[in-house]
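# A structural walkthrough
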Amino acid sequence: MAAASLFAIALTSSAAFSQSDPIGELMLRQGLETGPPVPLPAQALPVVIGVNLVESPNRARVLIEISDPVDVKAFTLTNPNRIVIDMPEVLWRVQGESRPSGRGAIRSYRFGLFRKGNSRFVIDLNAPAKIDPVQVLAPDGSHSFRVAIDLMPTTPEAFVSNSGWPEGQVASAEPPRTVAPPPPPRANNSKRVIVVDAGHGGIDPGTHGQTGLQEKNVVLAVAKELRKALEATGRYSVVLTRDSDVFIPLRERVNISRAARGDLFVSLHADSNEQRSVSGASVYTLSESASDVETRKLAEKENMSDVIAGVDLRGENSPVASILIDLAQRDTMNRSARFAETVVSSLPVATTVRPTTPHRSAGFAVLKAPDVPAVLIELGYLTNTRDEAAMATSAWRLKVGQAIAKAIDSHFSAQTATPGRQAANP
Ligand SMILES: [Zn+2]
């Protein structure tokens, strides 16, 4: 009763739009909204052909060899300390690569598409460093153009005070927080909307196997098989959060799901474990406290995606938590848990399922749309030789996509006798 009256207060004390999308307004307040995608460039893309590191005790230089000169912006972010190098979209065809010694300022680096039109190179730092103005070196006898990034030691205080988004770039990095209009009514009520989320992508490869098989590629392939199988029934329309090798921030995945008025959100991942013998699929749902330590660590790892890609998380708040969201979420969480059980019983025809507690829960950021039931499926372990070998095959990807589609279909056919999501909402 107390909760119900608080709900009413929240509604009446908010701005006018909250009447139609109160959860949207709360998510907006908590920094969960993003802007429209950036359009693709029309011309041929520059090609990166090599990455070289030159380390000396008091200096480090990163050389990115590229077919054409590009405009580069470099800046630093804290927590963890990173250098982000933004450039227009390029093709990564890196032939020669030097890895850091681990003893200098550079701990590791990665590169890839950040979003359409924007590629990114991210350097993780062992120690605070400052960047000299980035130079583009002209071709010489043995090299094409090279983007040179020079790092020198600095104090932690200076690093912190110089870090953050460069002036004038804030708008493109952090789109203005305008209120997203409430989702339009369904054009076709006869079809359920399934949002299929291939984890990671672009600059964030996720985990990888011993043969170099990358999580982002495995899950995208399964997502496409799942879409095909669902569309073949004629009962579902499918929205993919990504259908190419591009990075999508976690909160944007949540927003895509809400904007599409998803009936169900399925996030696909592959796991890794220090114990290579651990194998099989598991299914995860959202909960405030993790069901076990291993799941808590997994959620922390999956939630690192934005950090890995160099997303500025200032202004991001802790978990979506408010009385209003809790009300909508209780029903959502029940539906999520029921669907998770269906997946657990449907997967064994296609792949190994973890023998102990295959359904677990923790605070996965990507599952936090308060009004869309959501599960995260870890399809198997890329650190396990048998799992990795299976995941590399198109036969396995097809079977798993079909098994998840079948789980979705049994979930909704079991629900046809009960009221739908829209009717259950206040
Ligand atoms: Zn993952």
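In what follows, the structure referred to is the one given above.
This structure is a prediction, so every number in the text was calculated from the model and none was measured. (Residues numbered from 1 in each chain as written. Predicted model: local features only at pLDDT ≥ 70, side-chain atom pairs only at ≥ 80, totals over all residues.)

### A look at the overall build of the chain
Put simply, the rule reads: Here a strand is any run of E in DSSP of at least two residues, a helix any run of H or I of at least four, and the numbering for each starts at the N terminus. Buried means a residue has 20 or more other C-beta atoms within 10 Å of its own C-beta, exposed means 12 or fewer, and partly exposed covers the counts in between; C-beta atoms are placed from the backbone. Contacts are defined on C-beta atoms placed from the backbone: any two residues whose C-beta positions lie within 7 Å are in contact.
In terms of helices and strands, the chain carries 12 helices and 16 strands. Taking all 426 residues of the chain together, the buried fraction comes to 40%. Put simply, of all contacts in the chain between residues at least 6 apart along the chain, 78% involve residues at least 24 apart.

### Here's the deal with the nonpolar core
Side chains of nonpolar character tend, in soluble globular proteins, to be buried together. This is how the line gets drawn: What makes a nonpolar core is a set of buried Ala, Val, Leu, Ile, Met, Phe, Trp, Tyr and Cys residues, with links drawn between C-beta atoms within 7 Å.
One finds Val343, Val375, Ile377 and Ile404 to be the most contacted residues of the largest nonpolar core, which totals 59 residues. With nine residues, helix H5 (residues 215–233) is the single largest residue contributor to this core. Non-local contacts of Ile404, meaning those with residues more than four positions away in its chain, are made with Leu226, Val266, Val343 and Ile377. Counting residues in hydrophobic clusters, the runner-up holds 31 residues, among them Val62, Leu113, Ile248 and Val311.

### Quick notes on the environment of Leu264
Locating Leu264 in the fold gives a position in strand S13 (residues 264–271). Given 22 C-beta atoms within 10 Å, Leu264 falls into the buried group. Setting aside anything within four residues of it in sequence, one finds Leu264 in contact with Ile194, Phe339, Pro373 and Ile408.

### Considerations on the packing of H5 against helix H11 (residues 394–415)
As a reminder, the rule being used: The axes used here are C-alpha line fits, helices contributing only the stretch in contact, and every angle between their N-to-C directions lies in the interval 0 to 180 degrees. Any angle that is under 35 degrees is reported as roughly parallel, and any over 145 degrees as roughly antiparallel; angles of 65 to 115 degrees are reported as roughly perpendicular and all others as oblique. For any pair of crossing helices, the crossing counts as left-handed if the nearer helix is rotated counterclockwise from the farther one by less than a right angle, and right-handed if it is rotated clockwise. The residue classification treats Ala, Val, Leu, Ile, Met, Phe, Trp, Tyr, Cys and Pro as nonpolar and Asp, Glu, Lys and Arg as charged. All others, Gly included, are polar.
Following both chains from N to C, one finds H5 and H11 inclined at 50°, their axes separated by 8 Å at the closest point. Compared by their axis directions, H5 and H11 come out oblique. Our pair here, H5 against H11, has a crossing hand that is right-handed. Of H11, the residues touching H5 (which contributes Ala221, Val222, Glu225, Leu226, Lys228, Ala229, Leu230 and Thr233) are Arg397, Leu398, Val400, Gly401, Gln402, Ile404, Ala405, Ile408 and Asp409. Residue classes in the contact of H5 with H11 are distributed as 10 nonpolar, three polar and four charged.

### What about the sheet that holds strand S16 (residues 374–381)?
Operational definition: Two strands are counted as paired when DSSP detects at least two bridges linking them.
Pairing in this open sheet of six strands is mixed, and the strands run S12-S11-S13-S16-S14-S15 from one edge to the other. Edge strands, defined here as strands with exactly one partner in the open sheet, are strand S12 (236–240) and strand S15 (359–362). This sheet shows a mean twist of 25° between the axes of neighbouring strands, independent of strand direction. Along the sheet, helix H7 (residues 293–303) makes contact with S13, strand S14 (282–286) and S15, crossing S15 at roughly 60°.

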